[in-house]
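Structural features, examined
Chain by chain, the residues run as shown.
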There are 2 protein chains.
Amino acid sequence: MSVSQYMQQLGVQARAASRAMAKASTEQKNAALAALADRLLANEAALIAANAKDLAAGQENNLDPAMMDRLAITSAGVQAMAEGVRQVAALADPVGQISDGKYLPSGIHLSKMRVPLGVVGIIYESRPNVTVDAAILCLKSGNATILRGGKEALHSNQAIAEIVRASLSEAGLPMDAVQVVNTTDRAAVTALIQDAEHVDVIVPRGGKGLIERISTEARVPVIKHLDGNCHTFIAQDADQEMAVSLVLNAKTRRYGVCNALESLLVHESVAAQVLPKIAAALAPFDVEVRGCDRTRHFIPAANEATEEDYSAEFLGPIMSCRVVDSVEQAIEHINHHGSGHTDAIVTSSIETARVFQRDVDSSSVMVNASTAFADGFEYGLGAEIGISTDKIHARGPVGLEGLTSQKYVVWGQGQTRG
Amino acid sequence: MSVSQYMQQLGVQARAASRAMAKASTEQKNAALAALADRLLANEAALIAANAKDLAAGQENNLDPAMMDRLAITSAGVQAMAEGVRQVAALADPVGQISDGKYLPSGIHLSKMRVPLGVVGIIYESRPNVTVDAAILCLKSGNATILRGGKEALHSNQAIAEIVRASLSEAGLPMDAVQVVNTTDRAAVTALIQDAEHVDVIVPRGGKGLIERISTEARVPVIKHLDGNCHTFIAQDADQEMAVSLVLNAKTRRYGVCNALESLLVHESVAAQVLPKIAAALAPFDVEVRGCDRTRHFIPAANEATEEDYSAEFLGPIMSCRVVDSVEQAIEHINHHGSGHTDAIVTSSIETARVFQRDVDSSSVMVNASTAFADGFEYGLGAEIGISTDKIHARGPVGLEGLTSQKYVVWGQGQTRG
């Protein structure tokens, strides 16, 4: 069987399974999740053994330490997976929710019913825990899913998939609701993202290169973010202690995450006071500052920032910095250089906050809070399948609701249209 | 200037205008709409004169009568345009609506703010009234729009655009919030649908060929429907008089619309009774029935239906028909052959209605109502920019809300993440 035939078969199976999943009861879906949590714990040894094969291959192929770290499944990791599954089981089921009901002049009654998207294709790199997260979010939201993980994690992903499928079966749900692609051939990705007949949406997770390639080639809608160039703007009237604390948290909490602060903007009237404090706070973390001339006046150790620096997602201990003349200039800078992910202002002025929140065109716009909060768990979604910087469909952290759609339902008593 | 440079320029102007439109007050937008309604009426003669050029060219090029009909602007047409503008002015402004507000365990306050999509590209064929409809829906929802109408309507569209732009200007809004592409070069369409930097969404309106081409080539998200193969299923326990009346209305009210009934399904236990009644009701309309063997047993005049007939959108006095054994078979038929647009059941059984409404995977699923109701006006949206059969973002008739997105807004008091 060719790769494209194989992928076609997965698609047909997923479409059929999605029909059954769309009508599965909440009870049934939760039973599958409970079974999965139990089975993950019961099969810890088997999971770690499968993972050992991937780790050995990774060592042979000289994977970098960060990648090896993301690849590893530990006993604590299995516990965390099971805990995550129980958390998703505890979330409200979005499917079947009815909203916006009303009678219309014709006498028909119109409302919207929340329904699964159908078949969700997930493409990701080496983290096996994404296999669990993606599978359970799709399961709970009544979707079928086709998972295409990184080749480095193939054994781990297949071991997880086997456990997920057994759990589905135990709850009387179709095993094909969760399928893991068993080939590492890149043609499988192309087939998946172009199969508009059997796949309703693609969620790519991984590096910018992967996501750009998928967006360009896809014939199926893609929910994605390319990068997170997050800003914090310190306004004229900011509480400066708060500003320093928010910058420190957003920049140094974790460097490699998409909600990390990458670019600092400071109002010129407070730059002289606040920039040295920020430099002092960042000093123990060896964060390199790349700034404009005015920044470098107040932080002599700062390097010169290029235009590219202002558009960069560093994902490391580097921060660009610019002194601006007004909130309007800050907004313009963010809308021009930013990635539409998450941007924050520190201010005590209602009016400045209002303008910033209205005019910054990003998926999360924050006042007096750390950009690190842009996250499905922190937003109360329970879990997230990813973060979207698109404006279409889901925007910001995407949880169960982002994996659903709404259809109009109409009840009449024989009304005809004039 | 090359076509691609010209389109790039429109994009840059639209993006700049979109920033101003996003912060325009409801009052300002309504003032622009009021000015537009007045100016349309005041410029009736100029509009009709511009339209006369298009009509003359159309006659020279032997446009078919239906197309000439859609192209024509009459005095009544101008009145209707102005009336449509006043109706959109009266609709609630979706921009700035706040929903789902809550405090989270970290103490931050999270909510969603409804915001414009940004720049909307509309590609359509020969109907000049679409120019007004699209412009006013985008204006009211705070978007900038780039309109690319059919070459047959170029003079009409430019005359309308001039009036719209004068009205924007009168209200202190940027004229570039509404731009009409002034070239009929096809390269302009390609440039528009691939300009992801300046265009947020494309709404194509027109024939299936146009929409398929756009979907395939676009690098910008597309809100669309390809066709409307709408079904009505007459269940075992249907009120038969109601069934006949609904079929007659949905099939014969207007043949060329996407919510017209194209395919009838009848439960085998009532086929003998109801099919002859339907044949009799359709007889005065000369509707050709193409059916399965069982259909042809009860409607001897029916022709044999092919598989293609069951998947066809006839847009004319033709209807496919199949006798099925169960509601499940009807659902399977619809999900297989349908286009996900609008499908209806006629039944008196709660349970049959529930199963049909849950399991039919279409943008509108109706019980005991004519598929002709699937329409933005009938659904209370005031107007529609199109109908979407996609599952992503907007589904079904798309009005002002479908032209907006939501961003997360966070208020804190200096919270940092642990």
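Being a predicted model, the structure only gives us computed values, none of them experimental. (Residues numbered from 1 in each chain as written. Chains lettered and ligands numbered in written order. Predicted model: local features only at pLDDT ≥ 70, side-chain atom pairs only at ≥ 80, totals over all residues.)

1. Notes on the confidence of the model for chain A
- Confidence in the prediction of chain A, expressed as mean pLDDT, is 96, and 100% of residues score 70 or more.
- The ipTM assigned to the predicted complex is 0.94, against a pTM of 0.94. (pLDDT = per-residue confidence, 0-100.)

2. Some remarks on the interface of chain B and chain A
- The interface of chain B with chain A comprises 52 residues on the first partner and 52 residues on the second.
- If you list the elements that add at least two residues to the side of chain B that touches chain A, you get helix H10 (240-252), helix H15 (350-359), strand E13 (364-369) and strand E16 (404-415) of chain B.
- Among the elements that line the side of chain B that touches chain A, the one with the most residues is E16 of chain B, at 11 residues.
- As defined by bridge partners, strand E13 (residues 364-369) of chain A adjoins E16 of chain B across 5 bridges and the pair is classed as parallel. Bridge pairing in E16 of chain B links Val 365 of chain A to Val 409 of chain B. (Contact = placed C-beta atoms within 7 Å. Helix = DSSP H or I, 4+ residues; strand = E, 2+ residues; numbered from the N terminus. Pairing = 2+ DSSP bridges.)

3. Quick notes on the sheet that holds strand E9 (residues 288-291) of chain B
- As summarised here, the arrangement of the 10 strands in space is E1(A)-E2(A)-E16(A)-E13(B)-E12(B)-E7(B)-E8(B)-E11(B)-E9(B)-E10(B), forming an open sheet in which the pairing is mixed. Each of the sheet's edge strands pairs with one partner strand only, and the pair in question is strand E1 (98-103) of chain A together with strand E10 (303-304) of chain B.
- Across 5 bridges, the pairing between strand E7 (residues 230-234) of chain B and strand E8 (residues 261-267) of chain B is parallel. If you follow Ile 234 of chain B over to E8 of chain B, its bridge partner there is Val 266 of chain B.
- Packed on one face of the sheet, helix H14 (residues 327-337) of chain B meets E7, E8, strand E11 (318-324) and strand E12 (342-346) of chain B and runs near 140° to E11 of chain B. (Axes fitted to C-alpha atoms, helices over the stretch in contact; angles between N-to-C directions.)

4. A look at the relation of the copies chain B and chain A
- With an RMSD of 0.1 Å, the operation that places chain B on chain A is a rotation of 180° combined with a shift of 0.0 Å along the axis. These values place the two chain copies in the arrangement generated by a two-fold rotation axis. Of every C-alpha in chain B, the one belonging to His 393 of chain B sits nearest the axis of rotation, 1.8 Å from it. (Least-squares fit on C-alpha atoms with pLDDT ≥ 70 in both.)

5. Things to note about the pairing of strand E12 (residues 342-346) of chain A
- The element E12 of chain A is extensively covered by neighbouring structure, given that 5 of its 5 residues are classed as buried.
- Alternating residues of E12 of chain A divide into Thr 342, Ala 344 and Val 346 of chain A and Asp 343 and Ile 345 of chain A, and every residue in both groups is buried. (Buried ≥ 20, exposed ≤ 12 C-beta atoms within 10 Å, placed from the backbone.)

6. Brief notes about the sheet that holds strand E3 (residues 119-123) of chain B
Residue and element names in this part refer to chain B.
- The strand order across the open sheet formed by 4 strands is E5-E4-E3-E6, and the pairing between neighbours is parallel. Two strands close off the open sheet at either side, each with one partner strand: strand E5 (178-180) and strand E6 (201-204). In this sheet, adjacent strand axes meet at a mean angle of 20° when their direction is disregarded.
- Across 5 bridges, E3 lies against strand E4 (residues 144-148) in parallel orientation. Each residue of the ladder has a partner; that of Gly 121, found in E4, is Ile 146.
- Each of E4 and E5 is contacted by helix H7 (residues 154-170), which is oriented at about 160° to E5, the strand it contacts most.

7. Quick word on helix H10 (residues 240-252) of chain A
- Between its terminal C-alpha atoms H10 of chain A stretches 18 Å, which fits the 18 Å expected from 13 residues at 1.5 Å a residue.
- For H10 of chain A, the set of buried residues is Met 242, Ala 243, Leu 246, Val 247, Leu 248, Asn 249, Ala 250 and Lys 251 of chain A. (Expected span 1.5 Å × (residues − 1).)

8. Structural notes on unusual backbone geometry
- Its identity is not glycine, yet Asp 286 of chain A carries a phi of approximately 55°, on the positive side.
- With respect to the helices and strands, Asp 286 of chain A occurs in the loop between helix H11 (268-282) and strand E9 (288-291).
- The class of Asp 286 of chain A is exposed, set by 8 C-beta atoms lying within 10 Å.
- For Asp 100 of chain B, which is not glycine, the phi dihedral falls at a positive 55°.

9. So, the domain arrangement of chain A
- By domain assignment, chain A separates into domain 1 (3-223 + 394-411) and domain 2 (230-373).
- With centres defined by C-alpha atoms, the gap from domain 1 of chain A to domain 2 of chain A works out at 35 Å. (Domains from an automatic or database assignment.)

10. What to know about the pairing of strand E16 (residues 404-415) of chain A
All names here are of chain A.
- Counting buried residues along E16, 9 of its 12 residues qualify, which places the element largely inside the surrounding structure.
- Inspection of the sheet shows strand E2 (residues 109-116) paired to E16 by 8 bridges, in the antiparallel sense. Residue Pro 116 lies in a different strand from E16, and its bridge partner there is Thr 404.

11. Considering the environment of Ile 350 of chain A
- Relative to the elements of secondary structure, Ile 350 of chain A occurs in helix H15 (residues 350-359).
- When the C-alpha atoms of Ile 350 of chain A and Ala 279 of chain A are compared, they prove to be 28 Å apart, with 71 residues separating the residues in sequence.

12. Considerations on the packing of helix H6 (residues 128-140) of chain B against H7 of chain B
Residue and element names in this part refer to chain B.
- Contact geometry of H6 with H7 gives a least axis separation of 8 Å together with a crossing angle of 30°. Judged by the angle between their axes, H6 and H7 are roughly parallel. In this structure, the crossing between H6 and H7 has a hand that is right-handed. Contacts between H6 and H7 involve Pro 128, Thr 131, Val 132 and Ala 135 from the former and Ser 156, Asn 157, Ile 160, Ala 161 and Val 164 from the latter.
- Residues that form the contact of H6 with H7 fall into these classes: 6 nonpolar, 3 polar and no charged. (Parallel < 35°, antiparallel > 145°, perpendicular 65-115°, else oblique. Left-handed = near helix turned anticlockwise from the far one by under 90°. Nonpolar A, V, L, I, M, F, W, Y, C, P; charged D, E, K, R; others polar.)

13. Here we look at the nonpolar core
- Among the nonpolar cores identified, the biggest contains 148 residues, and Val 85 and Ile 202 of chain A together with Val 85 and Ile 202 of chain B are the most heavily contacted of them.
- Setting aside its immediate chain neighbours within four residues, Ile 202 of chain A contacts Gly 121, Ile 123, Ile 193, Ile 214, Ala 218, Val 220 and Val 222 of chain A. (Core = buried A, V, L, I, M, F, W, Y, C linked by C-beta atoms within 7 Å.)

14. With respect to the packing of helix H5 (residues 75-90) of chain A against helix H6 (residues 129-140) of chain A
Residue and element names in this part refer to chain A.
- Running from N to C, H5 and H6 point in directions that differ by 15°, and their axes come no closer than 10 Å. With respect to H6, the axis of H5 lies roughly parallel. The interaxial crossing formed by H5 with H6 has right-handed handedness. For the pair H5 and H6, the contacting residues are Gly 77, Met 81, Gly 84, Val 85 and Val 88 in the first and Asn 129, Val 132, Asp 133, Ile 136, Leu 137 and Lys 140 in the second.

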